[in-house]
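Single-letter residue listing:
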Amino acid sequence: MPLVRHRTASRLAAGLALSPALLVLVVVYLGCTAWTVWISLTSSRMLPNSTFVGLRQYASLMGNERWQVSVANLAVFGSLFLIASLALGFLLAVAIDQRVRAENTLRSIFLYPYSMSFIVTGLVWQWLLNPSFGIEKMVRDLGFPSFHFDWIVRQDMVIYTLVFAAVWHAAGLVMAIMLAGLRGIDEDIWKAARIDGLPPWRVYLSIVIPMLGASFATAAVLLATSVVRLYDLSVAMTNGGPGVASEVPAKFVMDHLFERGNLGLATAAATSMLITVAAVVAPWLVWQNRRARRAQV
Amino acid sequence: MGKLCDVSIRGVEISFGAVRVLEKLDLDVAQSEFIVLLGPSGCGKSTLLNAVAGLIDVQAGQIWIGGKNVTWEEPKDRGIAMVFQSYALYPRMTVRGNMSFGLKVAGMPKPEIERRVNAAAATLQITELLDRRPAELSGGQRQRVAIGRALVRDAGVYLFDEPLSNLDAQLRAELRVEIKRLHQRLAATMIYVTHDQIEALTLADRIAVMKDRVIQQLGTPNEVYRRPANRFVASFVGSPAMNFLPGAFAVKEGAPCFLTEGIAIPLSGYAFEAPPQDGAPVELGIRPEHVEAGGEVPAKIEMVEPMGSDQLAWLRVGGHPLSMRLPAEACTVAGEAMQLRLPADKLNLFDAATGRRL
Ligand SMILES: Nc1ncnc2c1ncn2[C@@H]1O[C@H](COP(=O)(O)OP(=O)(O)OP(=O)(O)O)[C@@H](O)[C@H]1O
Ligand SMILES: [Mg+2]
């Protein structure tokens, strides 16, 4: 059976070609993950050691006020950011799809930010929101001396300024994904809906949004990864402040790894994040897999 | 049952940017008439249908439906229903949802919606599909659902834009019969776009053959087939296609005839619309099934195509190719010579320059 042999050979060749990448994946990712988990179970401070202390690092993590604030911030930021980005991105895409006149302006206000790093976005918004020379000062100079917009320096409001900046950063990406989805919808469906007498908002709500399920899922996954990794924006905009009011988990990990020299606590925090993400992603992967298999049948 | 409506298209003009698609087009469709717009791709059939539906605006002219000027009415207020080539079903709704959604949004009471959906589903034999999604249906079933969505609107005028073009030949024949039956049952006015001449000939009360921004001929299938108004209509309608022989018109000993490469074909008995001058260049058209054996025109058989119920023989007359339909049992051998008769009452004569029927 030369054909079978040929196929085995080519599969072997493909395997060989991929093996360096596989090696890197196993050693670097899995190795580092395993090492992180292990360190989180030791009493390591500045340098790694191997004194096993069980879950003590986790206990002190849960009791750590800064960690609690970080997790709460992530929950608030994550949900607001996801909802606002998806909604704003979708509305922008609809506006462009309906050929509003300001198409180019919209594009540059929202699509270009995505090509900048979160650091630049953070600095721009830090400047804009700074009460002494940003939006507040501008409006006051325009003749409204009692205007107040100082959220960035208020402990109870600062997390929302992060949401603002991040939504501005990400809405363009969502818009691009949604626009591709909208443009893929058959013209005839719109015609049929017009003959049925459906107002456009009703078509979007009842027909188009259900059709864009895949686009929404793609955008949501991309946004969710940037929520978990959220670090640079917090550093650039507020550096976690005022106080610890805008701290986030990834920043907690980085600070304890490099500045505070507390390897045990940092790795415990990292492992907690990993477990949380895995608990969310694993069922989703299983579901996707099953759906893909069902689609093949 | 919807009200009976006639449709009147009066001097409609439509352009996309600088491209003129329809030019001063007039078309009157009587109550309960089945009219087919037939023409090659890109001739503006869909554009005209969309204009009747109100999906695109006209630059000039008026559209009347049921004695009312609807030129500036919204599609939903025109008393029309439409079926699209791509089905255009709402993918995330069930069949029932697809058929009922428009009525629901319009605020129709639930029992009435239910009654209409069930009646339409029974007519189209899709009752057992009502709870499925479009993705779970075959092409033929999807198009039935799309027709069902049009039926529940209980409109006076039904518009079809190539509804069968995405289906295979067998399904197409099946649904074609079904649409014809539907027309007889509803007695509604129907405007049906296609580029398939078989559909046009079988379905239509009248056919409007379109090309180059205008209607080339408007007539019953019989008229369009037997007395095409110009060379384009003659070549577009009919399969296998009509034969054309270039030559000249002549009058010999008082009798009109057609001359090509030394062969004279008598034309006495031909019903002239506009007799040409002696010696005028003309084109002679004849359908393959009208060519008869046993006459005075010499020909040579070049090739034979068996077509099941009959066969198509390719001949050469003078220097020109000519096809002829023969019964399946006739024995024909390539290379053989034979004599043909081209009966004058079955011929078509066209002006060589303008293509107009003579
Ligand atoms: N939205 C549009 N913008 C610009 N040109 C258009 C538009 N729609 C149609 N046209 C042009 O108008 C002409 C007629 O188009 P139409 O769709 O009516 O053709 P058709 O007869 O339905 O062809 P087909 O059999 O391929 O569906 C074509 O030349 C097409 O290129
Ligand atoms: Mg068309």
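Residues numbered from 1 in each chain as written. Chains lettered and ligands numbered in written order. Predicted model: local features only at pLDDT ≥ 70, side-chain atom pairs only at ≥ 80, totals over all residues. Heavy atoms only, no water.

Re the sheet that holds strand E18 (residues 337–341) of chain B
Residue and element names in this part refer to chain B.
No. 1: Taken in spatial order, the four strands line up as E17-E16-E15-E18 in an open sheet, and their pairing is antiparallel. Edge positions in the open sheet fall to strand E17 (320–327) and E18, since each of these has one partner strand only. Looking at each pair of strands side by side, their axes are set apart by 50° on average, direction ignored.
No. 2: With six bridges joining them, strand E15 (residues 292–306) and strand E16 (residues 310–317) adopt antiparallel strand pairing. Pairing of Pro306 across the sheet is with Gln311, part of E16. (Pairing = 2+ DSSP bridges. Helix = DSSP H or I, 4+ residues; strand = E, 2+ residues; numbered from the N terminus. Axes fitted to C-alpha atoms, helices over the stretch in contact; angles between N-to-C directions.)

Thoughts on the domain arrangement of chain B
Residues and elements named next belong to chain B.
No. 1: As assigned here, chain B comprises domain 1 (7–236) and domain 2 (243–351).
No. 2: Between the C-alpha centres of domain 1 and domain 2 the distance comes to 39 Å.
No. 3: Contact with domain 1, which involves nine residues of that partner, is made by nine residues of domain 2.
No. 4: It is Tyr225, Arg227 and Arg231 that lose the most area in domain 1 upon contact with domain 2, and together they represent 63% of the buried surface on that side.
No. 5: As a salt-bridge pair, Glu283 and Arg231 come within 2.8 Å of each other at their nearest N and O atoms.
No. 6: Of all the secondary-structure elements, those providing two or more residues to the side of domain 1 that touches domain 2 are helix H7 (221–226) and helix H8 (231–236).
No. 7: Taken together, the residues that form the side of domain 1 that touches domain 2 break down as four nonpolar, two polar and three charged. (Domains from an automatic or database assignment. Contact = heavy atoms within 4.5 Å. Buried area = accessible area lost by both parts, 1.4 Å probe. Salt bridge = Lys/Arg side-chain N within 4 Å of Asp/Glu carboxyl O. Nonpolar A, V, L, I, M, F, W, Y, C, P; charged D, E, K, R; others polar.)

Details of the packing of aromatic side chains
Geometrically, a pair of aromatic rings is defined through the distance of the ring centres and the angle of the planes.
No. 1: According to the stated counting rule, one finds 18 aromatic pairs over all chains in the structure shown.
No. 2: Within the aromatic cluster, the residues linked to one another by ring pairs are Trp125, Phe149, Trp151, Tyr160, Phe164 and Trp168 of chain A.
No. 3: A cation sits over an aromatic face here: Arg149 of chain B above Tyr90 of chain B, 4.8 Å from the ring centre.
No. 4: We note Arg287 of chain B situated over the ring of Tyr225 of chain B; from NZ or CZ to the ring centre the distance is 4.0 Å. (Phe/Tyr/Trp six-rings, centres within 6.5 Å; stacked < 30°, edge-to-face > 60°. Lys NZ or Arg CZ within 6 Å of the ring centre and 35° of its normal.)

What about the interface of chain A and chain B?
No. 1: Each partner contributes to the interface: chain A provides 17 residues, whereas chain B provides 23 residues.
No. 2: Between chain A and chain B lies a buried interface of about 1,800 Å² when both sides are counted; carbon and sulfur atoms form 64% of it.
No. 3: Interface area lost by chain A to chain B is led by Arg194, Ile195 and Asp196 of chain A, which between them contribute 39%.
No. 4: Put simply, chain A and chain B have two salt bridges between them.
No. 5: A salt bridge links Arg153 of chain B to Asp196 of chain A, with the shortest nitrogen-to-oxygen separation between them at 3.8 Å.
No. 6: Taken together, chain A and chain B are joined by six residue pairs in polar contact (both at pLDDT 80 or more).
No. 7: Elements with a minimum of two residues in the side of chain A that touches chain B: helix H8 (187–195) and helix H9 (200–211) of chain A.
No. 8: Per-element tally for the side of chain A that touches chain B: the top contributor is H8 of chain A, with seven residues.
No. 9: Here the residues of the side of chain A that touches chain B are counted per class, giving nine nonpolar, two polar and six charged. (Polar contact = N/O pair within 3.5 Å; in protein donor to acceptor, adjacent residues only side chain to side chain.)

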